[in-house]
Amino acid sequence: MSARLLWMALALAACGAAPAEPPVPREPSAAPADEAPRPALLAEPSPEVVPDAPSVDLGPAIRVPPDVERQIDEAVRSAIARHQIPGAVVAIGRRDGLAFLRAYGLRASDPSPEANDVETIYDLASLTKAVATTTAIGILESRGAIDFDDPVALHLPAFGAHGKEHITIRQLLTHTGGLPAVDPLSAYEGATREESIARILALAPAHPAGARVLYSDLGFIVLGELVAAVSRVPLDELVQREILVPLGMSSSCYRCDPSLLPRIAPTERAVRRGGALIRGDVHDPRAFRLGGVSGNAGLFSSAPDLARFARMMLQGGELDGVRVLPAETVRALVTPVDGRALGWNVRTDAEQRAFRAAHESAMSVSSFGHSGWTGTWMRIDPENDVFALVLSNDVHPDARGDVRPLTVEIERIVSESVERLLPPPAIDLLAGIDVEARGGLPNLRGRRVVLVTHDAARARDGARTLDVLASSSAMTVLRVLAPEHGIGSDREGAIGDARDARTSLPVLGLFGRTRRPTDAMLEGADTVVVDLVDVGVRFYTYASTVHEVLLAAAARPELRVVLLDRPCPLGGAIVEGPSLDPDLVTFINHHPLPLRHGLTLGELARLLDSELSLGLGERLVIVPAEGWDRAATAIDIGERWVPPSPNLPDAETALLYPAAALLEGADVSVGRGTPEPFHLIGAPWMDADRVLAQLALEPPPGVAFESARFTPRAATHRGHACRGIRMRIVDRTLFRASRTGLAIVRAVVSVHADRVDLARVLPLVGSHRVVEGLADGAPLDALVRFAEEDARTFEARRAPFLLYPARAGSGSAP
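Residues numbered from 1 in each chain as written. Predicted model: local features only at pLDDT ≥ 70, side-chain atom pairs only at ≥ 80, totals over all residues. Heavy atoms only, no water.

**Student:** Would you mind going over the pairing of strand β17 (residues 527-531) in detail, with residue names and values included?
**Tutor:** The element β17 is largely enclosed, with a buried count of 5 among its 5 residues. Here 5 bridges tie strand β13 (residues 448-453) to β17, and the two strands are oriented parallel to one another. When the bridges of β17 are listed, leucine 451 appears paired with valine 529. Strand direction decides the pairing type here: β17 and strand β18 (residues 560-564), joined by 4 bridges, are parallel. Residue pairing across strands places valine 530 opposite leucine 563, the latter belonging to β18. Following the backbone out of β17, through helix α16 (residues 541-554) and into the adjacent parallel β18, one traces a crossover that is right-handed. (Buried < 20%, exposed > 50% of the residue type's maximum accessible area, 1.4 Å probe, protein only. Helix = DSSP H or I, 4+ residues; strand = E, 2+ residues; numbered from the N terminus. Pairing = 2+ DSSP bridges. Right-handed = clockwise from strand over helix to strand, strands pointing away.)

In structure tokens form, the structure reads like this:
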């Protein structure tokens, strides 16, 4: 029995009505329509060849390489030949634009053939759940109208029947609310929409909330009604006003205007609709019986429109200067918690490993997506800044098709070529690895190398430095040493030994019991190559690892260190104290440096060699980056952000990190284990209103604060509801991490002197004088003055070691 027929049988048994949808649909996706079950898929290819639609001019966007383009063409044409789909539109892109957009085959074969084109509009089926309903929920949450953890019955009182009063919005979004997957179609017969909704709200749960995952169309129907109740406008009106119009999705609609009918791909002939071919009406049987507007299905769209939606998600909720969702809301929707995201399908680590084992390759574990029963699919990968979508009508004309093999193949193709789909940087810049490779690896040719690196260290074309060097015949890479967070830049805690999946090289951990390279780690090597993405903050441990590498090399006269330099993501013009007192030196605070030192790792290595009298001299080779003005931050440069550690998901978070982290030693959460690390500061005991009032007395410039409630899933106060503050940068030119961080510490200490142990704050603040000022209640300006004195002193210390120029007028003014 085919998978679809098996699902149909399960649904029939569960509901006692025929036909109805499966309780566990594909990926997840929408249910089949109210037609006969699909016959088995035809396996034999068809001799018919349908020409592709004309190519589309994508303008200046990065293009898919020709060999990748051929792979996509072959995959789609094969699916058409095997009758898996009549045709399709495939789009691949990144946050800055489309890299590939092409239509294939037919959009209709019944009653007569119609050639496909990229403007074809498809019934999205359950993709509606993610694109429309989930986004609408996120909009309401971001505006304070609802909370994800609100009981649904708070907004829809009728939902509280049969013990459902405690089921939350979050549980319906994650399909853990306990509602049945579907209900009998016969229950809709003779009922008005209002009567059907009232019956669905009053249904008894299938199992206790939170007990298991059961993909539920009914749960999303309820969510659609919740959106309407809270916003006081119908779901389709809110989606049109708040999502489709702002994003310029002009070909997207519920109950589309008849003028669009020629562009709409038909689905199948509906037995329960008199055998008529469904075209322009929603295919999903429940959404159809609810008038075409429902939380589970009903939206129609085109590939160019959905590409705009995907780009908005990759840009953190904004597109072309129009913000649909706050960045923190986007993170909240797509960040897995206990293996589930809100309204989107994500893969747990185990599921990701299983998918890769079965299908060769996949997008990153941070990717998210959804599909629809009618043959639609989209997956978005923020880690690699890429999205892919396939729109087809695989149910046309007789429900024999199956788009899923094609979507797996498209994901494989994209994941294997993602590093070749890079944006043109806003600044023409080459990192040290690019400079070294361009010259033919002059510093590494013939060398036996131990490489200290991680996944965030990439060449201009997106390839990992590890892959660039390991694939070169000019040198031999013996092994890899990984800093904190491991080779993937995505782990917490002590890092053990492993093997890199792509190169099969052994990876030895330098964050755990061993932090300085040992003789065994360096055995056989004459060169240690370092390429790490640091952020220029005193206590960020990648610099600590470089420090340990230099010490190990200083003790071995035969060993060279080649450091492939790259810009500091926070920029290199601004220096901020406080500086570390010498008696507070530890592995994390490895050298007397200010809070934000503004040095690249190459510059820092030069300073350490001198100030520690290591005597490396010519054995320390720095390969500088080219094209960097040291005033430019990662945001200014505009390159794809590859998170250098799990809690720095974007460049703005990196800017906030040195400010928020000053309190991390205390009994305070700084948002680790939430979608907003270092944007949030709180604790179960914190009086947020008083802290905000204290901050308002001497507000630091360039940053805004508001009260927040959150429950961290990691680190301090894990699993406990916290009250506190949320901060966001409103003017980067005015924002200073030192003043902001000291203002926060001072405000929390002023309000909660009995709860904040300053001895635990001291190591990260780094200055006895500043902490004594905090204890004495010194004004913020006095604390900042101490920090500025430290910064000016360090600027003189660092001046001989700088490698990059700065624009006139840039610098470290407070």
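Still to come is the rest of the account.
**Student:** An account of the sheet that holds strand β10 (residues 368-372) is needed here, citing residue identities and associated values.
**Tutor:** Reading across the sheet, the 6 strands line up as β3-β2-β1-β12-β11-β10 and stay open at both edges, with antiparallel pairing between neighbours. Whereas interior strands pair on both sides, the edge strands pair on one side only; in this sheet they are β3 (114-115) and β10. In the sheet, strand β1 (residues 87-94) pairs with strand β2 (residues 97-108) via 8 bridges, with the strands oriented antiparallel. Across the sheet, arginine 94 pairs through a bridge with glycine 97, a residue of β2. Across the sheet, helix α2 (residues 66-81) is in contact with β1 and β2; its angle to β2 comes to roughly 20°. Against the sheet, helix α12 (residues 404-417) makes contact with β1, β11 (376-381) and β12 (386-392), and its axis sits at roughly 155° relative to β12, the strand it touches most. (Contact = heavy atoms within 4.5 Å. Axes fitted to C-alpha atoms, helices over the stretch in contact; angles between N-to-C directions.)

**Student:** Which residues make up the nonpolar core, and what values go with them?
**Tutor:** Counting residues in hydrophobic clusters, the biggest one holds 106 residues, and the most contacted among them are Val530, Leu550, Tyr657 and Ile681. Here the element with the most residues in this core is helix α21 (residues 737-751); it accounts for 9 residues. If we skip the residues at most four places from it in the chain, valine 530 touches Val452, Val546, Val549, Val561, Val562, Leu563 and Leu564. With 75 residues, the next largest nonpolar core counts Val227, Leu342, Phe368 and Met378 among its residues. (Core = buried A, V, L, I, M, F, W, Y, C linked by side-chain atoms within 4.5 Å.)

**Student:** Could you give an account of the packing of aromatic side chains, with specific residues and numbers?
**Tutor:** This model, assessed by the stated rule, comprises 8 aromatic pairs. Where tryptophan 344 meets phenylalanine 368, the ring centres are 5.0 Å apart and the plane angle is 75°; that geometry is what we call edge-to-face. Of this pair, tryptophan 344 sits in the loop between α10 (327-334) and α11 (349-359) while phenylalanine 368 sits in strand β10, and the two are 24 residues apart along the sequence. Judged on exposure class, the residue tryptophan 344 and its partner phenylalanine 368 are both buried. Pairing phenylalanine 511 with phenylalanine 587 gives two aromatic rings, centres 6.2 Å apart and planes at 50°, and the pair type is tilted. (Phe/Tyr/Trp six-rings, centres within 6.5 Å; stacked < 30°, edge-to-face > 60°.)

In short, the description is geometric, and any link to function would need to be established separately.
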